[in-house]
Amino acid sequence: METRSATPSRVSLIFTRRARCAGEFLLSDQPSFQPSTKVIHSNRSYEKQSNSILFPIHQTATYIHESVGVTKGYGYSRGANPTVNALEQAISAIEGTAHALCFRSGMAAISTLCFALLKAGDHVILSEVIYGGTIRLFHQVIRNFGIEFDYVDTAKPEAVATAMKPNTKLIFVETPANPTMRLTDIAAIAEVAHKQPGVLLAVDNTFMTPVLQNCLDLGADISMLSTTKYIDGHNATIGGSLATHDEAITERLRLVRKTIGTIQPPFDSWLALQGIKTLPARLEVHCRNAGVIAEWLEAHPLVAKVNYPGLKSFSQHELAKKQQKAFGGMMSFELKATTEQALAFMNALKLCTCAESLGSVETLITNPATASHCDLSDETRDRLGISSGLIRLSVGLEDPKDLIADFEQAFAAIFGAKA
Ligand SMILES: *Cc1c(COP(=O)(O)O)cnc(C)c1O
């Protein structure tokens, strides 16, 4: 509501300002903005009722037809929703794509990808070190649909080339991989994939996000994110996304999402939309803190091994430097101790919170052998380097001094004078 009298000059000022604000909504008008600017402004709409600076939550199942068959492009919220679309615009801004699609979980995104692109008789290649939920999806569900799959050490492009079959349709890699941080050279695997017509490379880019590693620029066909992690960043929502430059694949994914009902609910999209605005800024601190913690752990006499791509001792440090813009906030480490002692050490931590998930402001620790990777046999875990005492650490935004003090008190509590 306008409270001051509207003189002619003031009216024109209002109109100029409205026109400019309305224009801010259109990403295409702002091609020169950097991603960190786009995630804040790309979805800013000029909300006509109140001028609210935040994009509103369109909590609605359906949309009114102005006359039979005439809508503003939204028909039913299983198909599309403006608030979900606002988050999709922000994600496409960092992916560098025209579109992105949001799903009600990262697993819903992977499931929709499989439903959309695979059929009985097809073959899939998966990274052998990969998120536990992805293993469960293929073992317990996808297998029942007559789709074959093989786990391959995707860190070795020649192993992927050998594993290719005439019916291979999809290569699905995760890099850095959960929880050993093993890296896959995305450009090298894209080359292997594209030698055979019709083979698509999808990358689970949850650990890096497109801000730190743009897998589409590196040659992948599809980028997948669990937005639950760094995109939201506050442990407020579960969600996932898919992005690709291929319009036909986007439309196929959109159709399948609408058909099976895997779109993200608007309130969750709205929360993630607040999170993504600070993603580039948060990642800078996550990376800096993780670097400090990784070096401190590596130098500690009770630590046997630290898996962090930013360390010179990391076997694929050169690849990390080549394909990542920074080294991220995730690592895993092993103690010079029994499994029981390692678990007792985790229990003795006070500031580091023992909880599944990652990429949030809080520092989180998990024991993959009993959490995300509990479905694997001991033998498989050993072969992949997921020892029963391995500790996965998602470094948050607390001051690293406080985190180190927490590690010190836990070492002292479990190992006494030796620490
Ligand atoms: C969490 C996670 C997923 C699954 O995402 P949800 O949002 O939990 O369904 C997939 N991949 C990776 C690497 C993850 O960390």
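Residues numbered from 1 in each chain as written. Predicted model: local features only at pLDDT ≥ 70, side-chain atom pairs only at ≥ 80, totals over all residues. Heavy atoms only, no water.

This part takes up the overall build of the chain. Within the chain, the secondary structure is distributed over 15 helices and twelve strands. By the compact-globule yardstick of 22 Å for 419 residues, the chain fits well, its C-alpha radius of gyration being 23 Å. Reported as C-alpha extents along the three principal axes, the dimensions of the chain are approximately 80 × 55 × 35 Å. Sorting the 419 residues of the chain into buried and exposed places 53% on the buried side. Excluding contacts between residues fewer than 6 apart, the proportion of contacts in the chain whose partners are at least 24 apart in sequence is 71%. (Helix = DSSP H or I, 4+ residues; strand = E, 2+ residues; numbered from the N terminus. Rg over C-alpha atoms; globule rule 2.2 N^0.38 Å. Buried < 20%, exposed > 50% of the residue type's maximum accessible area, 1.4 Å probe, protein only. Contact = heavy atoms within 4.5 Å.)

Here we come to the side chain of Ser357. Looking at where Ser357 falls in the secondary structure, it is placed in the loop between β10 (353-354) and β11 (364-366). You can call Ser357 buried: its relative accessible area is 17%. In this structure, Ser357 is in contact with Thr228, Lys229, Asn235, Leu364 and Arg392, ignoring residues within four places of it in sequence.

This part covers the sheet that holds strand β6 (residues 222-226). With respect to topology, seven strands assemble into an open sheet ordered β1-β7-β6-β5-β4-β2-β3, the strand pairing being mixed. Each edge of the sheet is formed by a strand with only one pairing partner; in this case those strands are β1 (101-103) and β3 (148-152). In this sheet, adjacent strand axes meet at a mean angle of 20° when their direction is disregarded. The pairing of β1 with strand β7 (residues 240-243) spans three bridges and is classified as antiparallel. When the sheet's bridge partners are listed, Cys102 is paired in β7 with Ser241. Where helix α3 (residues 82-95) meets the sheet, its contacts fall on β1, β6 and β7, and the angle it forms with β1 comes to roughly 120°. (Pairing = 2+ DSSP bridges. Axes fitted to C-alpha atoms, helices over the stretch in contact; angles between N-to-C directions.)

What follows is about the site of the ligand. As a matter of local geometry, the ligand sits amid 13 residues, with Gly106, Asp204, Ser226, Thr228 and Lys229 nearest to it. One of the backbone nitrogen or oxygen atoms of Gly239 is found 3.5 Å away from an oxygen atom of the ligand. Taking 380 Å² as the accessible area of the ligand by itself, protein coverage stands at 93%. Partitioned by chemical class, the residues of the shell around the ligand number four nonpolar, six polar and three charged. (Near = heavy atom within 4 Å. Polar contact = N/O pair within 3.5 Å; in protein donor to acceptor, adjacent residues only side chain to side chain. Areas by Shrake-Rupley, 256 points an atom, 1.4 Å probe, with all protein chains shown as cover. Nonpolar A, V, L, I, M, F, W, Y, C, P; charged D, E, K, R; others polar.)

With an omega of -5°, the peptide bond running from Thr175 to Pro176 counts as cis. The omega torsion across Asn178 and Pro179 is 5°, close enough to zero to call that bond cis. Tracing the sequence through the fold places Pro179 in the loop between β4 (168-174) and α7 (186-194). Unlike most non-glycine residues, Thr209 shows phi in positive territory, near 65°. The residue Thr209 is located in helix α8 (residues 209-212) in this model. The exposure class of Thr209 is buried, given its relative accessible area of 1%.

Right, let's get into the sheet that holds strand β12 (residues 391-394). Strand order across the open sheet formed by five strands is β8-β9-β12-β11-β10, with mixed pairing between neighbours. With one partner strand each, in any of the chains shown, β8 (303-307) and β10 form the two edges of the open sheet. Sheet analysis places strand β9 (residues 330-335) next to β12, joined by four bridges and oriented antiparallel. Following the sheet pairing, Phe333 is matched in β12 by Ile391. Sitting on the sheet, helix α11 (residues 279-299) is in contact with β8, β9 and β12, with an inclination near 15° to β9.

With that out of the way, let us pick up the packing of aromatic side chains. One pair of aromatic rings is described through two measures. These are the centre distance and the angle between the planes. What the rule picks out here adds up to eleven aromatic pairs. With a centroid separation of 6.1 Å and an interplanar angle of 20°, the aromatic rings of Trp296 and Phe407 are classed as stacked. Of this pair, Trp296 sits in helix α11 while Phe407 sits in helix α15 (residues 400-415), and the two are 111 residues apart along the sequence. Assigned by exposure class, Trp296 and Phe407 land together as buried. Ring geometry for Phe345 versus Phe411: centroids 4.5 Å apart, planes at 35°, classification tilted. Of this pair, Phe345 sits in helix α13 (residues 339-348) while Phe411 sits in helix α15, placing them 66 residues apart in sequence. Each member of the pair, Phe345 as well as Phe411, carries the same accessibility label: buried. Ring-pair connections join several aromatic residues into one group, and the members of that group are Trp296, Phe333, Phe345, Phe407, Phe411 and Phe415. (Phe/Tyr/Trp six-rings, centres within 6.5 Å; stacked < 30°, edge-to-face > 60°.)

Bringing the nonpolar core into the picture now. Of all hydrophobic cores here, the largest spans 34 residues; its most connected members are Leu113, Val124, Phe138, Phe172 and Leu242. Residue assignment for this core shows that the elements contributing at least two residues are β1, α4 (106-117), β2 (123-127), α5 (132-141), β4, β5 (200-204), β6 and α9 (247-260). Of all the elements, α4 adds the most residues to this core, at six residues. Each of domain 2 (82-88 + 98-276) and domain 3 (279-418) accounts for three or more of the residues forming this core. Residue contacts for Phe172: discarding those within four places in its chain leaves Ile110, Leu113, Ile125, Leu126, Ser127, Ile130, Thr134, Ala202, Asp204 and Met224. Residues Ala90, Ala243, Cys287 and Leu319 belong to the second largest nonpolar core, which totals 32 residues. (Core = buried A, V, L, I, M, F, W, Y, C linked by side-chain atoms within 4.5 Å. Domains from an automatic or database assignment.)

Right, let's get into the side chain of Ser226. Structurally, Ser226 is set in strand β6. Residue classification places Ser226 among the buried positions, given a relative accessible area of 9%. Look past the residues within four positions of Ser226 in its chain and what remains in contact with it is Gly106, Thr206, Gly239 and Gly240.

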